[in-house]
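Chains, contacts and geometry: an overview
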Amino acid sequence: MRPDSKLSSILHVLLHMAHAGRAMTSEEMAACLGTNPVLVRRVMAGLRERGYVASTKGHGGGWSISCDLAQVTLRDIYDAVGAPTVFAMGNRVEQPGCLVEQAVNQSLASAFDEAEALLIARLGEVSLTDLSARFNHLHANHRRPAHEHT
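The following refers to the structure shown. (Residues numbered from 1 in each chain as written. Predicted model: local features only at pLDDT ≥ 70, side-chain atom pairs only at ≥ 80, totals over all residues. Heavy atoms only, no water.)

What follows covers the overall build of the protein. The secondary structure content of the protein amounts to 6 helices and 2 strands. Ordering the α and β elements of the protein from the N terminus gives α-α-α-β-β-α-α-α. The C-alpha atoms of the protein give a radius of gyration of 19 Å, which is well past the 15 Å a tight globule of 150 residues would have. In terms of overall dimensions, the protein has C-alpha extents of about 65 × 35 × 30 Å along its principal axes. Residues counted as buried form 31% of the 150 residues belonging to the protein. Of the contacts formed within the protein by residues at least 6 apart in sequence, a portion of 61% connects residues at least 24 apart. By element, 54% of the accessible surface of the protein is carried by carbon and sulfur atoms, the whole surface being about 9800 Å². Across the protein, the centroid of the 14 positively charged side chains sits 8 Å from that of the 15 negatively charged ones. (Helix = DSSP H or I, 4+ residues; strand = E, 2+ residues; numbered from the N terminus. Rg over C-alpha atoms; globule rule 2.2 N^0.38 Å. Buried < 20%, exposed > 50% of the residue type's maximum accessible area, 1.4 Å probe, protein only. Contact = heavy atoms within 4.5 Å. Areas by Shrake-Rupley, 256 points an atom, 1.4 Å probe, with all protein chains shown as cover. Lys, Arg positive; Asp, Glu negative; His and termini not counted. Charge placed at Lys NZ, Arg CZ, Asp CG, Glu CD.)

So, in structure tokens, the structure goes:
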């Protein structure tokens, strides 16, 4: 099963937007991600509904950040992109008749639930400003120019 990279992808695009200093088109963002602009617009529409981004049409138009990056966490973005499944692992049979498999399912479910809760809590501790600061630190300490997609 291929991992769901929607959260990582949208955070990537949001950082580009935060540092671009101008609106970015869906085509530019799609080029950053190696994907289709229609898919970018679909995800961005969900972020717009929550007030994280805004879009303008016409010459010089595109998508821009419309929120305070310090007030938006990775958890907020995770929720905005549909709270994708954290783990690809799961139980072999959801409603087993076998008592052994019931014991296995209960143990795994408990471990998965605890791990997912920890991860989601951690996402709530990191703001987009924190992420931007991490990029700035990496950029300042990198000998080559920052990776540019456009």
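So, about the side chain of Ser 26. When you line up the elements, Ser 26 lands in helix H2 (residues 26-33). There is a polar contact of 2.9 Å between the side chain of Ser 26 and the side chain of Trp 63. Every residue in contact with Ser 26, bar those within four places of it in the chain, is listed here: Pro 37, Val 40, Arg 41 and Trp 63. (Polar contact = N/O pair within 3.5 Å; in protein donor to acceptor, adjacent residues only side chain to side chain.)

Within this structure, the stated rule accounts for 0 disulfides. We note that Cys 32 lacks a disulfide partner, and the nearest cysteine sulfur, in Cys 67, lies 18 Å from it. (Disulfide = S-S within 2.5 Å.)

So, about helix H5 (residues 99-123). Because the α-helix completes a turn every 3.6 residues, residues three or four places apart line up on one side. Taking 1.5 Å of rise per residue, the 25 residues of H5 would be expected to cover 36 Å, and the 36 Å separating its terminal C-alpha atoms lies within 8% of that figure. Those residues of H5 that sit buried are Glu 101, Asn 105, Phe 112, Ile 120 and Leu 123. (Expected span 1.5 Å × (residues − 1).)

Tallied over the full model, the rule gives 5 salt bridges. In this structure, Asp 79 engages Arg 75 in a salt bridge whose closest nitrogen and oxygen atoms are separated by 3.2 Å. One end of the pair, Asp 79, and the other, Arg 75, are both in helix H4 (residues 74-80), 4 residues apart, so they sit about a helical turn from each other. (Salt bridge = Lys/Arg side-chain N within 4 Å of Asp/Glu carboxyl O.)

A few words now on the pairing of strand S2 (residues 62-65). Judged from the 4 bridges that link them, strand S1 (residues 53-56) and S2 form a sheet pairing that is antiparallel. From the neighbouring strand, Val 53 faces S2, where its bridge partner is Ile 65. Joining the antiparallel neighbours S1 and S2 is a turn of 5 residues, in which Gly 58 adopts a positive phi near 90°. (Pairing = 2+ DSSP bridges.)

Right, let's get into the packing of H2 against helix H3 (residues 37-49). Packing of H2 against H3 brings their axes to within 8 Å, and their N-to-C directions diverge by 105°. Our classification of the angle between H2 and H3 gives roughly perpendicular. Judged by residue contacts, Ser 26, Glu 27, Met 29, Ala 30 and Leu 33 of H2 engage Pro 37, Val 40, Arg 41 and Met 44 from H3. Residue classes in the contact of H2 with H3 are distributed as 6 nonpolar, 1 polar and 2 charged. (Axes fitted to C-alpha atoms, helices over the stretch in contact; angles between N-to-C directions. Parallel < 35°, antiparallel > 145°, perpendicular 65-115°, else oblique. Nonpolar A, V, L, I, M, F, W, Y, C, P; charged D, E, K, R; others polar.)

In short, geometric facts, not functional conclusions.
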